[in-house]
Amino acid sequence: MELLGIEIPVFSWQTVLGSAVSGVFLGAIYALVALGLTLIYGVLHIINFAHGSLLMLAMYMVYFLWQHLGMDPYLAMLVVAPGGFVFGYLLQRGVIGRISHGKDEIILLATLGISIVIENAALFLFSADEKSVQVPYDLDGIDLGVTYVVYPQIAALGGCLMITAALWLFMARTDTGRAIRAVAKERQGARLVGINVEHIFAISFGIGTACVAAAASLLAPTYAVHPQFGYLFVLIAFTVVVLGGMGSFTGALLGGLIIGVTEQLGRLYLGESLGLITISAIFILILLFRPTGLFGQRLSQ
């Protein structure tokens, strides 16, 4: 089929459906990485440029737990997620919060500087060689008829749904979650009613880092890690956050799925080299009609 002088290949509905289903599982991975990013933006109102580096660092933690202790990457989540929370809390409270003096532009530069330090430290300590976790079930899966889905993809989708639901419940049902929403909406008003805003900032950053650490455990069976690994996902994660609505968990989930399906269909029809163009196209189209993203601006919406 030819459209505007461009030859468009014609595929069977099974092939198209198979690509769309594969895109759902790919989108779940993007949504996982975007969840922590959208929480940090929703509360601190800044873009965390160190997000990709923190993902890479967590991937190395999963790798070394597997290599030295034989720990399954999914079981390693019980270690790296709490460790990510503690690291993120101390990073915000002890470094970012201290040097920013409450100025958002300094926070942006601080996270960028932290990203550079982490990546170069990883390059020095671990070299540029890729390191991968080998699990016996990495190629096992379920035949859905239109596509074959491996167990790590299923785990990523299930983990994404459970983490999104857990974050929503935490924000809606706990006192800390309500305090986070209060700070996100009006930090000065929250301070006046006795909320420790700096503590809430650090908790939010810690939760965001724990989310990306959990994502690392779910990514480890599928992807090899290297010092520039974070760049593969964080740029798309930024797109997912804006597309879904800054600060919205539901928007991050839906935005990730849309981007994943769009990318897979784009690769099917345009090839590997041009397939990523469709991500920018769908991003622009949605923002033309919904400038605030799919789910507006409310945190934990």
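Residues numbered from 1 in each chain as written. Predicted model: local features only at pLDDT ≥ 70, side-chain atom pairs only at ≥ 80, totals over all residues. Heavy atoms only, no water.

Novice: Which parts of the structure should I look at to understand the nonpolar core?
Specialist: A general trend in soluble globular proteins is that nonpolar side chains are found buried together. Core analysis: the largest hydrophobic core is formed by 86 residues, its most contacted members being V43, L55, L219, F229 and F233. In terms of residue count, helix α1 (residues 13-44) provides more of this core than any other element does, 16 residues in total. Leave out the neighbours within four places in its chain, and F233 touches I29, Y30, V33, L55, L219 and Y223. (Core = buried A, V, L, I, M, F, W, Y, C linked by side-chain atoms within 4.5 Å. Buried < 20%, exposed > 50% of the residue type's maximum accessible area, 1.4 Å probe, protein only. Helix = DSSP H or I, 4+ residues; strand = E, 2+ residues; numbered from the N terminus. Contact = heavy atoms within 4.5 Å.)

Novice: Just checking my understanding: could you explain empty space enclosed by the protein for this structure?
Specialist: Empty space among the atoms becomes visible once a probe the size of a water molecule is rolled across them. All chains considered together, the criterion is met by 1 cavity of 30 Å³ or more. Lining the largest cavity are M59, Y63, K131, S132, V133, A220, Y223, A224 and V225. Each residue belonging to the lining of the largest cavity can be placed in one class, and the counts come to 7 nonpolar, 1 polar and 1 charged. (1 Å grid on protein atoms, 1.4 Å probe; cavity = no way out; pocket = protein on both sides within 12 Å on 5 of 7 lines; lining within 4 Å. Points joined across faces, edges and corners; volume = space filled by probe spheres on them. Nonpolar A, V, L, I, M, F, W, Y, C, P; charged D, E, K, R; others polar.)

Novice: What is the right way to look at the confidence of the model for the protein in this model?
Specialist: The predicted coordinates should not be examined in detail at positions where pLDDT is low. Taken over all residues, the pLDDT of the protein has a mean of 84, while the share at 70 or more is 92%. Here strand β1 (residues 2-3) is the element of the protein with the lowest mean pLDDT, 46, and helix α2 (residues 51-69) is the one with the highest, 94. (pLDDT = per-residue confidence, 0-100.)

Novice: Just to check I follow, could you spell out the packing of aromatic side chains for this structure?
Specialist: The description of two aromatic rings rests on the distance between their centres and on the angle between their planes. Taken as a whole, this structure holds 12 aromatic pairs when the rule is applied. Summarising the aromatic geometry, the rings of F64 and F126 are spaced 5.2 Å apart at their centres and angled 50° between planes, so their arrangement reads as tilted. You can see F64 sitting in helix α2 and its partner F126 sitting in helix α4 (residues 104-126), a full 62 residues away along the chain. Each residue in the set Y60, Y63, F64, W66 and F126 is aromatic and connected to the rest through ring pairs, giving one cluster. (Phe/Tyr/Trp six-rings, centres within 6.5 Å; stacked < 30°, edge-to-face > 60°.)

Novice: I tried to follow the side chain of S53 on my own but got confused; where do I start?
Specialist: With respect to the helices, strands and loops of the structure, S53 is situated in helix α2. Overall, the relative accessible area of 1% leaves S53 in the buried class. Setting aside anything within four residues of it in sequence, one finds S53 in contact with S115, I118 and E119.

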